[in-house]
Amino acid sequence: MPNPRRCLIVQLEPRHEETLPSMVDAANRAGYRPVVMLSNRSKRRRGDIFSEVPGLDADVRYEGFNDDSGLDRLTALAGECDFVLMNSFNRRKSIDWAMGLKVPVIILVHSIEHFLEEPATQAALDNPRVQFLTLSSHVMSELVARIGKARMDRVDVVEPCLWSVDDPKPASGTPRRVALPGAISLRTRDYPGLIRAVAENRKAFEGYRFVLGSGGEDREAIEAETRAKGLEPWFEYLPLSGDQVAQDVYMDSLRRSQVMLSLIPDDFEKYQTLKITSAVPTSVGFAVPLIMDRWSVACYRAPLIGADHGLRASLDRLLSLTEEELQAHRAALIAYRRERLALNGQALARLAARVR
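These numbers were taken from a predicted model, which means no experiment stands behind them. As a convention, each chain's residues are numbered from 1 in the sequence order in which they are written. Given that this is a predicted model, residues contribute local features only at a pLDDT of at least 70 and side-chain atom pairs are listed and counted only at 80 or more, while totals for whole chains, interfaces and linings are drawn from all residues. The side-chain numbers reported here are obtained from all heavy atoms of the structure, hydrogens and water having been left aside.

1. Some details on the sheet that holds strand β3 (residues 59-63)
The pairing criterion for strands is at least two bridges between them, as found by DSSP. Comment: elements are numbered from the N terminus, with helices defined as DSSP H or I runs of at least four residues and strands as E runs of at least two. Here seven strands make up an open sheet; going across it, the order is β3-β2-β1-β4-β5-β6-β7 and the pairing parallel. The outermost strands of the open sheet, each flanked by one partner alone, are β3 and β7 (155-157). On average, each strand axis in the sheet is tilted by 25 degrees relative to the strand beside it, whichever way the strands run. Bridging between strand β2 (residues 32-39) and β3 involves five bridges; their strand directions are parallel. Note that in β3 the partner of Val36 across the bridge is Val60. Packed on one face of the sheet, helix α5 (residues 92-99) meets β1 (5-11), β4 (84-86) and β5 (105-108) and runs near 155 degrees to β4. The contact criterion used is simple: two residues touch if any of their non-hydrogen atoms lie within 4.5 Å. Whenever a helix is involved, its axis is fitted only over the stretch in contact; in every case the axis is a line through C-alpha atoms, and angles between N-to-C directions fall within 0 to 180 degrees. Strands in contact with helix α15 (residues 323-354) are β2, β4, β5, β6 (130-134) and β7; relative to β7, the strand with the most contacts, it is inclined by about 160 degrees.

Shown next, in the form of structure tokens:
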């Protein structure tokens, strides 16, 4: 890239690292070589995500933000850049720092609910030099509906589906590894329903291995339940490093998976309105076919495997999948990923141009 412009991508808290490679790729496609500033704590907790996604054009730096000196250096760096992209906007320190900048700011909205509950949001909406990114079209649509269509030109989408610079290389094989992405929480995933279904019909699920790839508030209880029921041959838990699964372990497991389940409970609707489930961009990024209900398929627009309402319907669809069907969905996911990454770059370029 000849003489790329500079922007700054900031993630002060040790979370949301999974969206950073997609933000960098979008910036590269928009003509920018970003400086990426992350918390040292994120590296200690899960490792360096950029070592798992090599090949991006960025200056990645880890910094301690526990005192004012780290933020002062960050402010000086921001003044040398065309804009600052806040990879999250839901902690006091990040919000106060971003709202005090004199340069244009692009805010990534992970959850509309949290964003609109934040007192500083109104000031951000009133400032024409502040733009907004969402992680899916359905979230953008809902955000515009909430903040008013007069602000719609300030909102766009970057889908966080980049987990490798090159096209993913899907895996086949047996037992068929079924990835269950996302933090292990009974509030957002129907693990009890899955455990009950496998325990009631173990023979039907021979040749399948359900892989839980994260930490989370309910991991210990769910892991204990599967062991108490003697379901070790059907369930695998990736090892924890502290309270998290390391990036290299998590990503290696996804590269070896054949299919994914979302396990969204029937009474949990935020993933179709206010935020995204990480399952969809993970499916696209690794070209691992994902089974979801018809409403979710309509919301996310990616080439997902549609199933009727309820966990039982998703499991029936899982058991019916042929290798030929999986191969066709993998090819469709790779094609969608290529198109979506190009659109990501166009979206960021458009927002950046509005505030130059």
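2. Considering helix α12 (residues 279-286)
Only protein chains enter the accessibility calculation, which uses a 1.4 Å probe. A residue is then buried if its area is under 20% of the maximum for its type, exposed if over 50%, and partly exposed in between. In terms of burial, α12 is a largely internal element, eight of the eight residues being buried. Of all the positions in α12, only Ala279, Val280, Pro281, Thr282, Ser283, Val284, Gly285 and Phe286 are classed as buried. After α12 finishes, the residue Ala287 shows a positive phi value of roughly 55 degrees.

3. Details of the sheet that holds strand β13 (residues 305-307)
Strand order in the open sheet formed by six strands is β10-β9-β8-β11-β12-β13, and the pairing between neighbours is parallel. A single partner strand is all that each edge strand has here, and the edge strands are β10 (235-237) and β13. Here the average twist between neighbouring strands, direction ignored, is 30 degrees. Across three bridges, the pairing between strand β9 (residues 208-212) and β10 is parallel. Bridging across to β10, Leu212 finds its partner in Tyr237.

4. Description of the packing of helix α1 (residues 20-29) against α15
Two elements in contact, α1 and α15, have axes separated by 7 Å at closest approach and are oriented at 70 degrees. Taken together, α1 and α15 sit at an angle that is classed as roughly perpendicular. Crossing handedness for the pair α1 and α15: right-handed. Judged by residue contacts, Met23, Asp25, Ala26, Ala27 and Arg29 of α1 engage Leu341, Ala342, Asn344, Gly345 and Leu348 from α15. When residue character is reported, Ala, Val, Leu, Ile, Met, Phe, Trp, Tyr, Cys and Pro are called nonpolar, Asp, Glu, Lys and Arg charged, and the others, Gly included, polar. Of the residues belonging to the contact of α1 with α15, the class tally is six nonpolar, two polar and two charged. Each angle is binned into one of four classes, with values under 35 degrees roughly parallel, values over 145 roughly antiparallel, values of 65 to 115 roughly perpendicular, and all other values oblique. Left-handed describes a crossing whose near helix is turned anticlockwise from the far helix through less than a right angle; right-handed describes the clockwise counterpart.

5. Examining the pattern of salt bridges
Salt bridge, as used here: a side-chain nitrogen of Lys or Arg that lies within 4 Å of a carboxyl oxygen of Asp or Glu. Going through the model one piece at a time under the given rule, you end up with 26 salt bridges. In this structure, Arg337 engages Asp167 in a salt bridge whose closest nitrogen and oxygen atoms are separated by 3.6 Å. Pair noted here: Arg337 is in helix α15 and Asp167 is in the loop between β7 and β8 (176-180), with a separation of 170 residues, a long-range link. The exposure class of Asp167 is partly exposed, given its relative accessible area of 28%. The closest approach of N and O atoms between Arg294 and Asp308, which form a salt bridge, is 2.9 Å. Of this pair, Arg294 sits in helix α13 (residues 294-300) while Asp308 sits in the loop between β13 and α14 (311-320), and the two are 14 residues apart along the sequence. Given a relative accessible area of 55%, Arg294 falls into the exposed group.

Taken by themselves, the reported measurements are silent on function.
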